[in-house]
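Remarks on the overall topology
Now for the letters of each chain:
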Amino acid sequence: MNIKNITQNFTRIFSGDFSGNLMQRQTPDVLFCSVKPVSLDDAKLIDFNEDLSVEIGLGILENDANFLAAQNLADNVKTYATAYAGHQFGNWAGQLGDGRAIFAGEIFNNGKQTEIQWKGAGATPYSRHADGRAVLRSSIREYLMSEAMFHVGVPTTRALSLSKTGEDVIRDIQYSGNPQKEQGAVVLRTAESFLRFGHFELLSARNQPDLLKKLADYTIEHFYPEINSESNPNRYIDWFKAICDRTLKMIIDWYRVGFVHGVMNTDNMSILGLTIDYGPFSMMDGYDLDFTPNTTDLPGKRYAFGKQGQISHWNLATLANAIFPLINDGEALEKILNNYGRQFWAEHDEMLARKFGFDKVLPEDERFFTQWQQMMQDLNLDYTLFFQSLEKPISEIKIDDFSNSFYHILNENELKKLSYFIEKYQERKLRNKISETESLAMMSKTNPKFILRNYLLFEAIQDAEKGNYELFFKLKEALQNPYENRFPEFNQKRPSKYDNQTGCSQLSCSS
Ligand code: AMP
Ligand code: MG
């Protein structure tokens, strides 16, 4: 690996605290603190993502397992953690920061910058009374899911390696006063940038407009090449619009594949529109707009599947407030935000049209989509399998083919709703101006045949905790070709034994 090519330009551009003091504290004048990862005597590499490593310019693994577990770092790797803030579950949470993420720095390849950071390699000044560690369970989830999202075509941070720390971590998974020992792990993850809405909220709340401007300029210059020229008077407005566009694209993709993030706090929103911070997320099995995997979110269901569009809008409005000092034009920001709602539904409809194999969105399709959504909600059909049952020439679509997506035995009335839908679908498809073949090709590129369901992760984790990684590696292979049905055994609805299993349909934030 070309570890010697890792740089820390961010720390050269912004002011930081180089004292190395790990005491948890407010750091009012700086954007980062230098920190050292914890020493591990018995760290062990579980997996390394060589394709990604080569792509970002780090190259192939030779004898660098130490680096992957943040051990024995070369002199050029000067590690640090950044400060950010955020709104959690709708409330201002003040300074948060990288509590257990530690940056190695950046690497450049073919003009493209990639940031590299470990998650779970020890405490930082931002750990807020927590230990800065991560458990194997949550690390496997992030390692596999972020790659699954990448391969299914959703903008995301990525995962470069998974190592066991060889040390135990104490966690109370259910928050029931019953803490248990779990195996510790470290994920090395990458992104063009890990900057979050919360970084900008922090500088705004601290009333540091110069620093806010500097961070915005840095972000635009490095990651928003489409916004050009210092002299553009609408620079920051254009930038905010571009952030909205990228966020919207990501959320529409979440709806396309059935992803529920679970903790859409503003500190978990990437300024580049990447899916970031894989915690109590879940792919949706049975269709349910109210589905939230996060047990902490259950009463209000703020972050449920069906609310993600609305919440992304709320989060963008919060970001607009934070960067207001750069723009001083409330009307312009409001206009962009108002348009976001409209654009959301337009793009949501277009996405659904692709899933259904429609050539374009016809005016009457809006009603069709609404009725479909109501039927899915009423019948709780498996979201992924449902679309596969539609992916055939219309004359071959039979109601019996849908039974693999039932989570309960449908009564007569429910079966009627389904057959009515099939009829309407067949009628609509006859109005397509594209051929059946073209329509099916579009569906096949849009509707995944493999999704990384929570119960699969749960099973892989149970085995891995006992030292058996067979399923882990099989899932890793399956997620690389999500549009091909190469692993029919994974292309199944969630078995009923997992209906109420913590870790399958619901998860806590404990990680
Ligand atoms: P999350 O809800 O996971 O996005 O985390 C919110 C904040 O808590 C972030 O600033 C995290 O860095 C921090 N955090 C979460 N878990 C830990 C941990 N085990 N040790 C230190 N900080 C943590
Ligand atoms: Mg987070």
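Everything numeric in this text was worked out from a predicted model, so none of it was measured.

**A look at the pattern of salt bridges**
Oppositely charged side chains are able to pair whenever their charged atoms sit close together. Applying the stated criterion across every chain yields a total of 31 salt bridges. A salt bridge links E167 to R133; the shortest N-O distance between them is 2.8 Å. Taken together, the positions of E167 in strand β10 (residues 158-171) and R133 in the loop between β8 (112-119) and β9 (134-135) put the pair 34 residues apart, joining distant regions of the chain. The exposure class of R133 is buried, given its relative accessible area of 15%. When salt bridges that share partners are traced, they join K119, E142, R189, R196 and D277 into one network.

**As for the coordination of the magnesium ion (ligand 2)**
Taken together, the protein donors to the magnesium ion (ligand 2) comprise N268 (OD1) and D277 (OD), at separations of 2.0 to 2.2 Å. N268 sits in the buried class, given a relative accessible area of 10%. By relative accessible area, D277 is classed as buried at 14%.

**Description of the packing of helix α6 (residues 209-223) against helix α7 (residues 235-257)**
Helix-helix packing is described using two parameters, namely the angle between the two axes and the distance between the axes. It is the contact of α6 with α7, at a shortest axis distance of 11 Å, that shows an interaxial angle of 60 degrees. Between α6 and α7, the crossing angle belongs to the class labelled oblique. In this structure, α6 meets α7 at a crossing whose hand is left-handed. Between α6, through K213, A216, D217, T219, I220 and F223, and α7, the contact on the second element is made entirely by R235, Y236, W239 and R246. Of the residues belonging to the contact of α6 with α7, the class tally is five nonpolar, one polar and four charged.

**Structural notes on the pairing of β10**
Residues in a regular strand project their side chains so that they alternate between the two faces of the sheet. Where strand β3 (residues 44-48) meets β10, four bridges bridge the pair, whose relative direction is antiparallel. The residue of β10 that forms the bridge with L45 is S163.

**A look at the site of ligand 1**
Not every one of the 17 residues close to ligand 1 is listed here, only the nearest: G97, G99, R128, G132 and N268. Contact distances for ligand 1 include 3.1 Å between a nitrogen atom and a side-chain N or O atom of D131. Between ligand 1 and the protein, one listed contact pairs a nitrogen atom with a backbone N or O atom of R133 at 3.3 Å. Compared with its free state, where it exposes 480 Å², ligand 1 has 80% of that area covered by protein. Judged by the proximity of its atoms to the pocket grid, ligand 1 belongs to the largest pocket. Grouping the constituent residues of the shell around ligand 1 by class yields three nonpolar, six polar and eight charged.

**Some details on the environment of C33**
With respect to the secondary-structure elements, C33 resides in strand β2 (residues 32-34). Along the primary structure C33 and P448 are separated by 415 residues, whereas in three dimensions their C-alpha atoms are 42 Å apart.

**A look at the nonpolar core**
One finds W239, F356, W372 and F386 to be the most contacted residues of the largest nonpolar core, which totals 124 residues. If one sorts the elements of this core by residue count, α7 sits on top with 14 residues. Judged by nonpolar contacts, the second largest core, of 27 residues, contains A70, A104, I107 and L202.

**Notes on unusual backbone geometry**
The phi torsion at Y175 lies on the positive side, around 55 degrees, for a residue other than glycine. For Y175, the location among the structural elements is in the loop between β10 and β11 (180-191). The backbone of K301 sits at a positive phi, close to 50 degrees, despite the residue not being glycine. Within the secondary structure, K301 is located in the loop between β13 (282-283) and α8 (308-327).

About the thresholds
- Residues numbered from 1 in each chain as written.
- Chains lettered and ligands numbered in written order.
- Predicted model: local features only at pLDDT ≥ 70, side-chain atom pairs only at ≥ 80, totals over all residues.
- Heavy atoms only, no water.
- Salt bridge = Lys/Arg side-chain N within 4 Å of Asp/Glu carboxyl O.
- Helix = DSSP H or I, 4+ residues; strand = E, 2+ residues; numbered from the N terminus.
- Buried < 20%, exposed > 50% of the residue type's maximum accessible area, 1.4 Å probe, protein only.
- Donors = N, O, S within 2.8 Å, 3.2 Å for Na, K, Ca; no water.
- Axes fitted to C-alpha atoms, helices over the stretch in contact; angles between N-to-C directions.
- Parallel < 35°, antiparallel > 145°, perpendicular 65-115°, else oblique.
- Left-handed = near helix turned anticlockwise from the far one by under 90°.
- Contact = heavy atoms within 4.5 Å.
- Nonpolar A, V, L, I, M, F, W, Y, C, P; charged D, E, K, R; others polar.
- Pairing = 2+ DSSP bridges.
- Near = heavy atom within 4 Å.
- Polar contact = N/O pair within 3.5 Å; in protein donor to acceptor, adjacent residues only side chain to side chain.
- Areas by Shrake-Rupley, 256 points an atom, 1.4 Å probe, with all protein chains shown as cover.
- 1 Å grid on protein atoms, 1.4 Å probe; cavity = no way out; pocket = protein on both sides within 12 Å on 5 of 7 lines; lining within 4 Å.
- Sits in = over half its atoms within 2 Å of the grid points.
- Core = buried A, V, L, I, M, F, W, Y, C linked by side-chain atoms within 4.5 Å.

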